[in-house]
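# Descriptive analysis of the structure
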Amino acid sequence: MKALIVFLIIGSGLFFLLFFMYISYDNRYVELKNGYEAQVAQDQIVYDEMWKIIQQQAGVTENYSESFRKNYKEIMQSRNYGGELMKWITESNPNFSTAMYEKLMVSIETYRTKFTTVQTKLI
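First things first, this report covers the structure right here in the doc. A quick note: this is a predicted structure, and the numbers were derived from the prediction, not measured.

Analysis parameters
Residues numbered from 1 in each chain as written. Predicted model: local features only at pLDDT ≥ 70, side-chain atom pairs only at ≥ 80, totals over all residues. Heavy atoms only, no water. Helix = DSSP H or I, 4+ residues; strand = E, 2+ residues; numbered from the N terminus. Buried < 20%, exposed > 50% of the residue type's maximum accessible area, 1.4 Å probe, protein only. Contact = heavy atoms within 4.5 Å. Areas by Shrake-Rupley, 256 points an atom, 1.4 Å probe, with all protein chains shown as cover. Polar contact = N/O pair within 3.5 Å; in protein donor to acceptor, adjacent residues only side chain to side chain.

What follows covers the overall build of the chain. Looking only at helices and strands, the chain features two helices and zero strands. Put simply, the chain has 123 residues, and 11% of those count as buried. In the chain, of all internal contacts separated by at least 6 residues, the share reaching a separation of at least 24 is 76%. Accessible surface computed for the chain: about 10,300 Å², of which carbon and sulfur atoms make up 64%.

Written out as structure tokens, the structure is:
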């Protein structure tokens, strides 16, 4: 009889130990799964933000480049030099600014670094 009581006490103790271990491991699994899903969502947000900003800046830069090329071509074609072959060298011509391209390059670099950081957390 004593052996049966000892066996039941040890068995119930072992059952409770295993039960609480299961709950603990299950909670850890849920925590890790939720953390992973949150990180994936953050990755998608950062990627979307990066793509939209770079696409918009590239579009503005492309429009600026196209407008400048068109206007510069019209300016150069509208000039009448009347035999003065090299006069255009001394005239004031519009200057093409590379500031937008530099800003685009900085944005690309910044968002790639930000995206890499978020991806590293996911790994």
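Having seen the structure, we can now continue with the description.
The next point concerns the environment of S12. Its location among the elements puts S12 in helix 1 (residues 2–78). The partly exposed category is assigned to S12, whose relative accessible area is 34%. Engagement of the side chain of S12 in a polar contact is seen with the backbone oxygen of I9, the distance being 3.1 Å.

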